[in-house]
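Overview (structure and organization)
Residues per chain are reported as follows:
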Amino acid sequence: LDDDKDQSYVLWGVSQLCLSRTIFPLADFHKKEIRQFAFDKGYAELAKKSESYEICFVPDNDYRGFLRRRVKGLEDNVKGGTFVNKSGEVLGQHEGYPFYTIGQRRGLGVATGEPLYVTEIIAAENKVVLGSEAELKRNGMYVGKVNMIKYAEMPDGMEALTTIRYNDPGAMSRIYNDGGRLKVEFYTKVRAIAPGQSAVFYEGDDVIGGGLIQESFEI
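This report concerns the structure included in the present document. (Residues numbered from 1 in each chain as written. Predicted model: local features only at pLDDT ≥ 70, side-chain atom pairs only at ≥ 80, totals over all residues. Heavy atoms only, no water.)

**Overview of the overall build of the chain**
A tally of helices and strands in the chain yields 5 helices and 10 strands. Long-range contacts, defined as pairs at least 24 residues apart, comprise 54% of the intrachain contacts of the chain with a sequence gap of at least 6. On the chain, roughly 13,900 Å² of surface is accessible, and the fraction owed to carbon and sulfur atoms is 51%. Of the side-chain charges in the chain, 28 are positive and 32 negative, and the distance between the mean point of each set is 5 Å. (Helix = DSSP H or I, 4+ residues; strand = E, 2+ residues; numbered from the N terminus. Contact = heavy atoms within 4.5 Å. Areas by Shrake-Rupley, 256 points an atom, 1.4 Å probe, with all protein chains shown as cover. Lys, Arg positive; Asp, Glu negative; His and termini not counted. Charge placed at Lys NZ, Arg CZ, Asp CG, Glu CD.)

Given below as structure tokens:
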């Protein structure tokens, strides 16, 4: 029942077969009730454990360090990349495209007199595109690897609330089928649409389905 701990965004990929054999024992509780339950059962340390807001399998919250440790030779393979603007003008050098995320502002090391954000990552060319906050906002995207939950297939032209990250309040959109993937057109511009992130579609409290963001665009 706890909106702040709703896990539907990360469960969009569960198949119908698995859902039919899945139970959610905490579904009727709030987080504070579970903490109290743990405390009453003698698990005081667990009950007082602080909240985690980062990647759960990266305990030090340093995903760049995680990549360096897990991918042998990563830094040597991606070093020497360039920061560019939307026109392709080189703005500086960077450490390698895997170490940057869409919407990132800090740690870029590029000064132009105005705040810059990562607006696009061109992995094939090891380029990271920087731009203004306005350039970070788009009103459309394509979504692939779709898994449907509420309906067998997405009703073409359906209106739905679309979320693009965990705890995202979502934005209203119109969704169209597009040759095995979905074309999502937002009614208002959305900030930092990141390829590789999950997009999840809602009808009220119901999850219609979800998929992986492939690319964003301007209508």
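**Comments concerning a nonpolar patch on the surface**
On the surface, Val10, Leu11, Phe24 and Tyr166 cluster together into a nonpolar patch covering about 350 Å² of accessible area. With respect to the helices, strands and loops of the structure, Leu11 is situated in the segment before α1 (16-19). Relative accessible area serves as the criterion here: at 33%, Leu11 is assigned to the partly exposed category. (Patch = residues over 30% accessible without salt bridge, like charges linked within 9 Å, V, L, I, M, F, W, Y side chains within 5 Å. Salt bridge = Lys/Arg side-chain N within 4 Å of Asp/Glu carboxyl O. Buried < 20%, exposed > 50% of the residue type's maximum accessible area, 1.4 Å probe, protein only.)

**Observations concerning the sheet that holds strand β1 (residues 81-84)**
A sheet is described by the order of its strands in space; here 4 strands give the open sequence β2-β1-β4-β3, paired in mixed fashion. Edge strands, defined here as strands with exactly one partner in the open sheet, are β2 (90-94) and β3 (117-122). Neighbour-to-neighbour, the strand axes of the sheet open up by a mean angle of 30°, direction not taken into account. Note that β1 and β2 share 4 bridges and pair antiparallel. Within β2, the residue paired with Thr82 across the bridge is Gln93. (Pairing = 2+ DSSP bridges. Axes fitted to C-alpha atoms, helices over the stretch in contact; angles between N-to-C directions.)

**Focus: a negative patch on the surface**
Residues Asp3, Asp4, Asp6 and Asp205 make up a contiguous surface patch of negative charge. Locating Asp205 in the fold gives a position in the loop between β9 (198-203) and β10 (206-217). On the basis of relative accessibility, which here comes to 78%, the residue Asp205 falls in the exposed class.

**Observations regarding the environment of Glu133**
Residue placement: Glu133 occurs in the loop between β4 (127-131) and β5 (137-148). What makes Glu133 partly exposed here is its relative accessible area of 36%. Remark: the alpha-carbon pair of Glu133 and Ile208, spanning 75 residues in sequence, is separated by 31 Å. Look past the residues within four positions of Glu133 in its chain and what remains in contact with it is Tyr117 and Arg191. A polar atom in the side chain of Glu133 sits 3.2 Å from the side chain of Arg191. (Polar contact = N/O pair within 3.5 Å; in protein donor to acceptor, adjacent residues only side chain to side chain.)

**Quick look at the nonpolar core**
Judged by nonpolar contacts, the single largest core of 18 residues is most densely connected at Met141, Met154, Phe186 and Phe201. Secondary structure elements with two or more residues in this core: β5, β6 (158-163), β7 (171-178), β8 (181-191), β9 and β10. Looking at this core, the element that brings in the most residues is β8, giving 4 residues. Excluding residues within four positions of it along the chain, Met154 makes contact with Met148, Ile175, Asn177, Leu182, Phe201 and Ile208. Ranked by size, the runner-up nonpolar core spans 16 residues in total, among them Leu74, Tyr100, Leu116 and Ala194. (Core = buried A, V, L, I, M, F, W, Y, C linked by side-chain atoms within 4.5 Å.)

**Quick notes on the packing of aromatic side chains**
Considering all chains together, one arrives at 2 aromatic pairs under this definition. The interplanar angle of 80° and the centroid separation of 5.4 Å between the aromatic rings of Phe83 and Tyr100 together place this pair among those described as edge-to-face. With Phe83 in strand β1 and Tyr100 in the loop between β2 and β3, the pair connects residues that are 17 residues apart, well separated along the chain. The same class applies to Phe83 and to Tyr100, which are both buried. In this structure, Arg68 packs its charged tip against the face of Phe99, placed 4.4 Å from the ring centre. Here the basic side chain of Arg181 rests over the ring of Tyr142, its NZ or CZ set 3.8 Å away from the ring centre. (Phe/Tyr/Trp six-rings, centres within 6.5 Å; stacked < 30°, edge-to-face > 60°. Lys NZ or Arg CZ within 6 Å of the ring centre and 35° of its normal.)

**Description of the pattern of salt bridges**
Scanning all chains against the criterion turns up 13 salt bridges. Lys86 serves as the salt-bridge partner of Glu135, at 3.2 Å between the closest nitrogen and oxygen. Highlighted residues: Glu135 in the loop between β4 and β5 and Lys86 in the loop between β1 and β2, separated in sequence by 49 residues. Its relative accessible area of 66% is what places Lys86 among the exposed residues. Notably, a salt bridge pairs Arg174 with Glu159, separated by 4.0 Å at the nearest N-O pair. Highlighted residues: Arg174 in strand β7 and Glu159 in strand β6, separated in sequence by 15 residues. According to the relative accessible area criterion, Arg174 is partly exposed, its value standing at 28%.

In short, the description is geometric, and any link to function would need to be established separately.
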